[in-house]
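Listed below, chain by chain, are the residues.
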Amino acid sequence: MSDRMEIGEVARRTGLSLRALRYYEQCGIVAPVRTAGTRRVYGAGDLARLNAATALKRLGFPLKDIAAMLARGPLDLGPLIAARIATIEIQAAELANSRALLLSVCARINRGEPIDIATLCALIRTGEENVKEADMAAIAARYLDAEDRANFAASWAALPAGFDQADYAQGWRELGARIEAALPLDPGSAEAQDFVDAWMALLQPFAQVASPQVFAGVARMYDEMDQWGDAVDPGFSKRVWDFIKLAAAARMTGGTT
């Protein structure tokens, strides 16, 4: 029996739709030959690749990664699998947080508490802030030992009563955006030094309460912020952070213009 199959037969054997088969072709998973009438003809090898792609897709691998896995030549599967595991762990944590929030809301409803859309949105925002704090704590653990982390937390707790962390975070976002828009910029220029002044002023509440050791540890943490991933947004980019360090160094060495 010939192993040549037209697209309808392949769809029947793989369970994929005709549209999906065409998309898999666009992604480089298979490359069926064309007849004189331009009809697609698949071989046994194409069928095997499609079945493998379907299995890998169930594990959540993107089609571009699947195409690389099935391409000819050696492939280091380790990084691809490790990256997929990391993605699944993040998704699992997000689902666990969503489930916990929904269970909490459901319990409040069952107790007879009035929960409207506005209240639900407020609870979601609170939950998201708690997740961000947990993510930041996980990052801090890479750079600060237990004592330094305790001192870091105590530093924030020691801030004046009424200190609004949401407004403080917004201040960093606005300053980070202003600096980003001005780059590239001579670190020794007057404009750069104005940015240093604004940075130091915004940093002042934390600088007043953080110990030198915690201050140094946090600086090391931000030096490697490009390795944090997307879990935490400090309000400014690594590019902005590196620029501020250069501009501050220019001030220290008298290299301002």
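Thresholds, definitions, all that
Residues numbered from 1 in each chain as written. Predicted model: local features only at pLDDT ≥ 70, side-chain atom pairs only at ≥ 80, totals over all residues. Heavy atoms only, no water. Patch = residues over 30% accessible without salt bridge, like charges linked within 9 Å, V, L, I, M, F, W, Y side chains within 5 Å. Areas by Shrake-Rupley, 256 points an atom, 1.4 Å probe, with all protein chains shown as cover. Salt bridge = Lys/Arg side-chain N within 4 Å of Asp/Glu carboxyl O. Helix = DSSP H or I, 4+ residues; strand = E, 2+ residues; numbered from the N terminus. Buried < 20%, exposed > 50% of the residue type's maximum accessible area, 1.4 Å probe, protein only. Axes fitted to C-alpha atoms, helices over the stretch in contact; angles between N-to-C directions. Parallel < 35°, antiparallel > 145°, perpendicular 65-115°, else oblique. Left-handed = near helix turned anticlockwise from the far one by under 90°. Contact = heavy atoms within 4.5 Å. Nonpolar A, V, L, I, M, F, W, Y, C, P; charged D, E, K, R; others polar. Pairing = 2+ DSSP bridges. Core = buried A, V, L, I, M, F, W, Y, C linked by side-chain atoms within 4.5 Å. Expected span 1.5 Å × (residues − 1). Bend = angle between axes of the 7 residues up to and from the residue. Phe/Tyr/Trp six-rings, centres within 6.5 Å; stacked < 30°, edge-to-face > 60°.

Asks: Looking at this structure, I do not really get a nonpolar patch on the surface. What am I missing?
Replies: On the surface, a cluster of nonpolar side chains totalling about 240 Å² of accessible area is made up of Leu-77, Ile-81 and Ile-85. Summarising the element assignment, Leu-77 is placed in helix H5 (residues 77–110). Exposure remark for Leu-77: the relative accessible area of 39% places this residue in the partly exposed category.

Asks: What am I meant to see in the packing of helix H3 (residues 44–58) against helix H4 (residues 63–70) here?
Replies: A pair of packed helices can be characterised by two numbers: the angle between their axes and the separation between those axes. Here H3 crosses H4 at 135 degrees, and the two axes come no closer than 10 Å. When the axis of H3 is compared with that of H4, the two are oblique. H3 and H4 meet at a crossing whose hand is right-handed. Contacts between H3 and H4 involve Arg-49, Ala-52, Ala-53, Leu-56 and Lys-57 from the former and Leu-63, Ile-66, Met-69 and Leu-70 from the latter. Taken together, the residues of the contact of H3 with H4 sort by class into seven nonpolar, no polar and two charged.

Asks: Help me out: how do you make sense of the sheet that holds strand S2 (residues 33–34) in this one?
Replies: Backbone hydrogen bonds hold the strands of a sheet together, and the pairing may be parallel or antiparallel. Taking strand neighbours across the sheet as the criterion, the three strands line up as S1-S3-S2 in an open arrangement whose pairing is antiparallel. Of all strands in the sheet, those bounded by a partner on one side alone are strand S1 (5–6) and S2. Here S1 runs beside strand S3 (residues 40–42); their pairing, made up of two bridges, is antiparallel. Bridge assignment links Glu-6 to a residue of S3, and that residue is Val-41.

Asks: What exactly am I supposed to notice about the nonpolar core here?
Replies: What tends to happen in soluble globular proteins is that the nonpolar side chains get buried as a cluster. With 27 residues, the main nonpolar core has Trp-172, Ile-179, Trp-199, Tyr-222, Phe-236 and Phe-243 as its most contacted residues. For this core, the secondary structure elements donating two or more residues are helix H8 (165–182), helix H9 (190–209), helix H10 (212–223) and helix H11 (238–252). Looking at this core element by element, the count peaks at seven residues for H9. For Trp-172, the contacting residues outside a window of four places in its chain are Trp-199, Leu-202, Leu-203, Pro-234, Gly-235 and Phe-236.

Asks: Explanation requested: the environment of Glu-6 in the structure shown.
Replies: Looking at the element boundaries, Glu-6 is found in strand S1. Judged by its relative accessible area of 37%, Glu-6 is partly exposed.

Asks: What am I meant to see in H9 here?
Replies: Since there are 3.6 residues in each turn of an α-helix, residues three or four apart along the chain are aligned in direction. In this model, H9 (20 residues) spans 29 Å end to end at C-alpha, consistent with the 28 Å of a helix rising 1.5 Å per residue. Considering bend angle alone, the principal kink of H9 is centred on Leu-203 and spans about 50 degrees; proline Pro-205 follows within four residues of it.

Asks: Please explain the packing of aromatic side chains as it appears in this structure.
Replies: Geometry of an aromatic ring pair is reported as the spacing of the ring centres plus the angle between the planes. Considering all chains together, one arrives at eight aromatic pairs under this definition. Ring centres of Trp-199 and Phe-236 lie 4.8 Å apart, and the angle between their planes is 65 degrees; this geometry places the pair in the edge-to-face category. Here Phe-236 lies in the loop between H10 and H11 and Trp-199 lies in helix H9, a separation of 37 residues in the sequence. Using a relative accessible area of 5% as the deciding quantity, one classes Trp-199 as buried. For Phe-236, a relative accessible area of 8% translates into the label buried. A ring pair is formed by Trp-199 and Trp-241, whose centres lie 6.2 Å apart and whose planes are at 50 degrees; its orientation type is tilted. Highlighted residues: Trp-199 in helix H9 and Trp-241 in helix H11, separated in sequence by 42 residues. There is no split in this pair, since Trp-199 and Trp-241 are both buried. Following the ring pairs from residue to residue traces out a cluster consisting of Tyr-168, Trp-172, Trp-199, Tyr-222, Phe-236 and Trp-241.

That is the geometry; function is a separate question.
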